[in-house]
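So the chains spell out like this:
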Amino acid sequence: MGQAACRGKDKGKVETLKILFVNDYEEYGSTEKLIYYLRKNLWEMETIWTKLYTMPFDSRQFKKILDSWKPDIVHFHLCLLPGILPYVIVKDRKIPMVITLHNYWMVCRATHHFLFRENRPCPHFDWSNCSNCPNFGRGNIPFPEKIFNFFKDVLLVGCSEHISEVYRRFGYENVVTVHNGIPPVEGKIEDRDFVFSLVSTKPWKGPMYVRRLHKEAEYEVKYNMSSSPYDPGYLSEREVDRLYRTCSVVVVPSIWEEPGSIVPLEAARCRKPTVCFDIGGLPEYPVSMTVPVGSYESLKEAVDTLMSDRKKRRRLGREAYKKYISSFTDVHMTEKYIKIYEGLL
């Protein structure tokens, strides 16, 4: 279990709001970055205290934190490893909770796939056909209909309007949207005529498209294949930042129903255009070009076009930055969550 209380000045008689964040992991992945940015901004307000609880899950310890620290709100992010027990414990204590949706675990047991058969999105927005799904028995999450009966009154926050609408179509009504947000960066930005892609070895993240582009393109393609320092192909945060600052184009090759991503934001804040497949919530973010899902030829054509036209990619990069700075910073995200917290009390 990992936990870290926020530090602040002596609040005296100032009334404070206590928020407990719960997440499966503590390492610095995309979700963990968002939690860090949100907690940092809340800490700076000086009237909001936060703690972070991560796995491994210990029910006695979790109950002790709830009963001793007495949070006003529990904010769950990716908390799947222990099943729904943490949610049951919070609900039994009648503590308001909010759940940020980073995948489809509450409507589909194939949490990161949301696939039915043959790599197609499930065509059903009910659970009548779940028994025919090859992913039906995966994980330690209960059947989706039981999940719905338990969570139907809980406030859910989608990281894109796409995932929010999917949950609404399954019957969830208490769903709002808060897009991911990250802070701006300072320092030198360059264009050194290469393509960068921050991908994963997982097939639904599309690593095969980047590998093929790396093999066939006439320009240089740099990429990593892991977000874990224990896996081959890992790039440090410092190296990733350097590549964002110096690349020409960023490629996001995901082929699953990606709810949202911080990669287009990390590219946009460096004024770099992003090319991605037209799927999930990605088009809602500051991406510059979208192409048909799974079409390598279209993806390569779009990247070729940008790599052969420096003026165009710089113009698209500036447009992406304007969209990012106007709607997708960590401050925008934090302000929306504060309104959500206030509405729960």
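Residues numbered from 1 in each chain as written. Predicted model: local features only at pLDDT ≥ 70, side-chain atom pairs only at ≥ 80, totals over all residues. Heavy atoms only, no water.

> What exactly am I supposed to notice about the overall build of the protein chain here?
When helices and strands are counted, the protein chain shows 11 helices and 11 strands. Evaluated residue by residue, the protein chain yields a buried proportion of 52% over its 345 residues. When the accessible surface of the protein chain is summed, it comes to about 16300 Å², and 50% of that surface belongs to carbon and sulfur atoms. (Helix = DSSP H or I, 4+ residues; strand = E, 2+ residues; numbered from the N terminus. Buried < 20%, exposed > 50% of the residue type's maximum accessible area, 1.4 Å probe, protein only. Areas by Shrake-Rupley, 256 points an atom, 1.4 Å probe, with all protein chains shown as cover.)

> In this structure, what is going on with the packing of aromatic side chains? I would like to understand it.
Two numbers describe a pair of aromatic rings. These are the distance of the centres and the angle of the planes. A complete count under the given rule lists 17 aromatic pairs for this structure. Each ring, one from Y36 and one from Y37, has its centre 5.9 Å from the other, and the planes form 65°; the classification is edge-to-face. For Y37, a relative accessible area of 10% puts it in the buried group. Ring geometry for Y53 versus F57: centroids 6.2 Å apart, planes at 75°, classification edge-to-face. Overall, the relative accessible area of 21% leaves F57 in the partly exposed class. Through pairs of rings, three or more aromatic residues link up here, namely F76, Y87, W105, F150 and F151. The ring centre of F150 lies 4.3 Å from the NZ or CZ of K91, which sits over that ring. The cationic tip of K222 hangs over the ring face of F194; the distance from NZ or CZ to the ring centre is 4.4 Å. (Phe/Tyr/Trp six-rings, centres within 6.5 Å; stacked < 30°, edge-to-face > 60°. Lys NZ or Arg CZ within 6 Å of the ring centre and 35° of its normal.)

> What is the right way to read helix α2 (residues 59-69) from this model?
Every α-helix winds through 3.6 residues per turn, so residues three or four apart in the chain are directed the same way. Among the residues of α2, F62, I65, L66 and W69 are the ones counted as buried. Buried residues of α2 fall within an arc of 100° about the axis and therefore sit on the same side. Exposed side of α2, more than 90 degrees from the buried face: R60, K64 and S68 are the residues found there. In this fold, the buried residues of α2 make contact with β1 (17-23), β2 (48-54), β3 (73-76) and α3 (85-92). Capping the start of α2 is the job of one residue whose side-chain oxygen sits 3.0 Å from the backbone nitrogen of R60: D58. (Arc of directions from axis to C-beta. Contact = heavy atoms within 4.5 Å. Polar contact = N/O pair within 3.5 Å; in protein donor to acceptor, adjacent residues only side chain to side chain.)

> What is the right way to read the sheet that holds strand β8 (residues 220-224) from this model?
Taken in spatial order, the 5 strands line up as β8-β7-β9-β10-β11 in an open sheet, and their pairing is parallel. Because the sheet does not close on itself, it has two edges, and the strands there are β8 and β11 (289-291). Across the sheet, the mean angle separating the axes of adjacent strands is 25° when strand polarity is ignored. One ladder, built from 2 bridges, connects strand β7 (residues 194-198) with strand β9 (residues 249-252); its direction is parallel. Looking across to β9, one finds that V195 is bridged to V249. Those strands touched by helix α6 (residues 207-216) are β7, β8, β9 and β10 (274-277), and its axis lies near 150° from that of β8. Sheet strands in contact with helix α7 (residues 237-246) are β7, β8 and β9, and its direction is about 140° off that of β7. (Pairing = 2+ DSSP bridges. Axes fitted to C-alpha atoms, helices over the stretch in contact; angles between N-to-C directions.)

> Would you explain helix α11 (residues 330-344) in this entry?
The end-to-end C-alpha distance of α11 is 21 Å, a good match for the 21 Å that 15 residues give at a rise of 1.5 Å each. Each element contacted by the buried residues of α11 is listed here: β1, α1 (30-45), β3, β4 (97-101), β5 (155-158) and β6 (175-177). (Expected span 1.5 Å × (residues − 1).)

> Please clarify how the sheet that holds β2 should be interpreted in this entry.
Strand pairing within a sheet occurs via backbone hydrogen bonds; the two strands may be parallel or antiparallel. Taken in spatial order, the 6 strands line up as β2-β1-β3-β4-β5-β6 in an open sheet, and their pairing is parallel. Looking at the sheet topology across the chains shown, the edges are occupied by β2 and β6. In this sheet, adjacent strand axes meet at a mean angle of 25° when their direction is disregarded. Here β5 runs beside β6; their pairing, made up of 3 bridges, is parallel.

> Help me understand the pattern of salt bridges, please; the structure alone is not making it clear to me.
Where charged atoms of side chains with opposite charge meet at close range, the side chains can pair. Tallying each qualifying case throughout the model produces 18 salt bridges. Across the pair E165 and R168 runs a salt bridge whose closest N-O atoms are separated by 3.3 Å. Here E165 pairs with R168, and both are found in helix α5 (residues 161-169), just 3 residues apart, close to one helical turn. A relative accessible area of 37% places E165 in the partly exposed class. (Salt bridge = Lys/Arg side-chain N within 4 Å of Asp/Glu carboxyl O.)

> In this structure, what is going on with the state of the cysteines? I would like to understand it.
Under the criterion given, the structure shown has 0 disulfides. Summary of cysteine pairing: C247 is not part of a disulfide, and the nearest cysteine sulfur, belonging to C270, is at 7.5 Å. Among the residues examined, C247 registers a relative accessible area of 0% and is labelled buried. (Disulfide = S-S within 2.5 Å.)

> Is there a simple way to think about unusual backbone geometry in this case?
Most of the time, phi is negative for any residue but glycine, and the peptide bond is trans. Along the chain, M55 connects to P56 via a cis peptide bond; the corresponding omega equals 10°. One can find P56 in the loop between β2 and α2. Despite not being glycine, K94 has its phi angle at roughly 55°, a positive value. Owing to a relative accessible area of 73%, K94 belongs among the exposed residues under this scheme.

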